[in-house]
Amino acid sequence: FYFYHYFTTIPKDDTQAIEKAATEYIGKFTKYYDDDFQNGKIAKTVQKGKYHFYLIEGTNESNEKCVSLCIFRRDEVFKNKMKPIAGTIGTNYTPDKINYHCSGEGSSFGCINFNVFYGYDMQETEYSFYYRGVKYTVPIEDEIFLHPFIEIDSNGTNASLIYND
């Protein structure tokens, strides 16, 4: 039990291990699309509770720039370690575009839903969205944004994005 947790997780402060694990995790899915994701580097990080969201910049097998998302969960036994649990396939690089990822993780108390908005090389300085009927405006820092929502229920996140509002 302890060996499994120890050897299937990586230290949460080890940037190189995180980049390698994220690249391998994303790469597992891209190989089915004849487009291998590689050379992943962390572009932005957001932590919410035991979940870490990483926007990963990499390349495909044609050496074209790609941006993907990888979600890690903190290990329940070794709190200083984590492992990837969800992510996007290596999306082609499209500057000034809003991307969206939705996935979930089952648990004994319900479904945990991840709804993540992210963008790269954004030209605007802020973006707005509605969440549960309230409008939020968030700055875009260094032309990148990564905004995850986590909800523990089976209804999903009631969020809609407004861009160039």
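Above: the structure in question.
Residues numbered from 1 in each chain as written. Predicted model: local features only at pLDDT ≥ 70, side-chain atom pairs only at ≥ 80, totals over all residues. Heavy atoms only, no water.

Caption draft 1: A look at the nonpolar core. Within the largest apolar cluster, 15 residues are counted, with the highest numbers of intra-cluster contacts made by Phe-53, Leu-55, Ile-71, Val-116 and Leu-146. If you list the elements that add at least two residues to this core, you get β3 (51-59), β4 (65-74), β8 (110-120) and β11 (144-152). Element by element, the count of residues in this core is highest for β8, at 5 residues. Sequence-distant contacts of Val-116, that is, excluding residues within four places in its chain, are made with Phe-53, Leu-69, Ile-71, Asn-99, Tyr-100, His-101, Leu-146, His-147 and Pro-148. (Core = buried A, V, L, I, M, F, W, Y, C linked by side-chain atoms within 4.5 Å. Buried < 20%, exposed > 50% of the residue type's maximum accessible area, 1.4 Å probe, protein only. Helix = DSSP H or I, 4+ residues; strand = E, 2+ residues; numbered from the N terminus. Contact = heavy atoms within 4.5 Å.)

Caption draft 2: Local environment of the side chain of Asp-121. Among the structural elements, Asp-121 can be located in the loop between β8 and β9 (126-131). Judged by its relative accessible area of 19%, Asp-121 is buried. Other than its neighbours up to four places away in sequence, Asp-121 contacts Lys-65, Tyr-93, Pro-95, Asp-96 and Glu-143.

Caption draft 3: Up close: the pattern of salt bridges. Counted by the stated rule, this structure contains 7 salt bridges. Glu-76 is the partner of Lys-50 in a salt bridge, and the nearest nitrogen-oxygen pair spans 3.1 Å. With Lys-50 in the loop between β2 (38-48) and β3 and Glu-76 in the loop between β4 and β5 (81-87), the pair connects residues that are 26 residues apart, well separated along the chain. You can call Lys-50 partly exposed: its relative accessible area is 24%. For the salt bridge of Lys-65 with Asp-121, the shortest nitrogen-to-oxygen distance reads 3.9 Å. Of this pair, Lys-65 sits in strand β4 while Asp-121 sits in the loop between β8 and β9, and the two are 56 residues apart along the sequence. Within the structure, one salt-bridge network assembled from shared partners comprises Lys-50, Glu-76 and Lys-79. (Salt bridge = Lys/Arg side-chain N within 4 Å of Asp/Glu carboxyl O.)

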